[in-house]
Amino acid sequence: MTATKICALDELEVNQAVKVEIDGVAIALVRDAAGDVFAIGDTCTHGDISLSEGFVEGQTLECWAHGSMFSLTTGKPLSLPAYDPVPVYNVELIDGFVFVDPSVTVAV
């Protein structure tokens, strides 16, 4: 599979997560305050909750339901109750556009 064009970089709000779906894979796409873009699995491993509805703080995404925080770089939970990581997908920025390939994970 090849990377899929998601949106223009300027369309992503800073410190906000947005849910995108590529070939049936739900992904939370985040642009942090430093301008870096991350793509992680959108489903919290603790409670089957959409992480894109959560809160971005630094390089973490917090599940709104139970408070588990996930690293945007590694997918690892940084707080309980979650203890399993979410996948992290490769993000490419090309000519001002964001591309994600859900078949390429950079961390699990």
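Residues numbered from 1 in each chain as written. Predicted model: local features only at pLDDT ≥ 70, side-chain atom pairs only at ≥ 80, totals over all residues. Heavy atoms only, no water.

Per an unreviewed UniProt entry, the protein goes by Non-heme iron oxygenase ferredoxin subunit and derives from Cryobacterium serini.

Colleague: Before we go on, may I ask you to explain the sheet that holds strand S1 (residues 4-8) in this structure?
Modeller: Through backbone hydrogen bonds, the strands of a sheet pair up, either in parallel or in antiparallel fashion. Spatially, S1-S9-S8-S4-S3-S2 is the arrangement adopted by the 6 strands of the open sheet, whose pairing is antiparallel. The open sheet has two free edges, formed respectively by S1 and strand S2 (16-22), since each of these has just one partner strand. The average undirected angle you get between the axes of adjacent strands in this sheet is 35°. (Pairing = 2+ DSSP bridges. Helix = DSSP H or I, 4+ residues; strand = E, 2+ residues; numbered from the N terminus. Axes fitted to C-alpha atoms, helices over the stretch in contact; angles between N-to-C directions.)

Colleague: I tried to follow the sheet that holds strand S7 (residues 69-71) on my own but got confused; where do I start?
Modeller: With antiparallel pairing, the 3 strands of this open sheet are ordered in space as S5-S6-S7. At either margin of the open sheet sits one strand with a lone partner, and together these are strand S5 (55-57) and S7. This sheet shows a mean twist of 25° between the axes of neighbouring strands, independent of strand direction. Examined bridge by bridge, S5 and strand S6 (residues 60-62) share 3 bridges and lie antiparallel to one another. Residue pairing across strands places Glu57 opposite Thr60, the latter belonging to S6.

Colleague: Would you take a moment to explain the state of the cysteines for this structure?
Modeller: Cysteine pairs can be linked by a disulfide, which is a covalent bond between their two sulfur atoms. Applying the stated rule across the entire model yields 0 disulfides. Distance from the sulfur of Cys44, which forms no disulfide, to the nearest cysteine sulfur (Cys63) is 3.9 Å. We classify Cys44 as buried; its relative accessible area is 4%. Residue classification places Cys63 among the buried positions, given a relative accessible area of 1%. (Disulfide = S-S within 2.5 Å. Buried < 20%, exposed > 50% of the residue type's maximum accessible area, 1.4 Å probe, protein only.)

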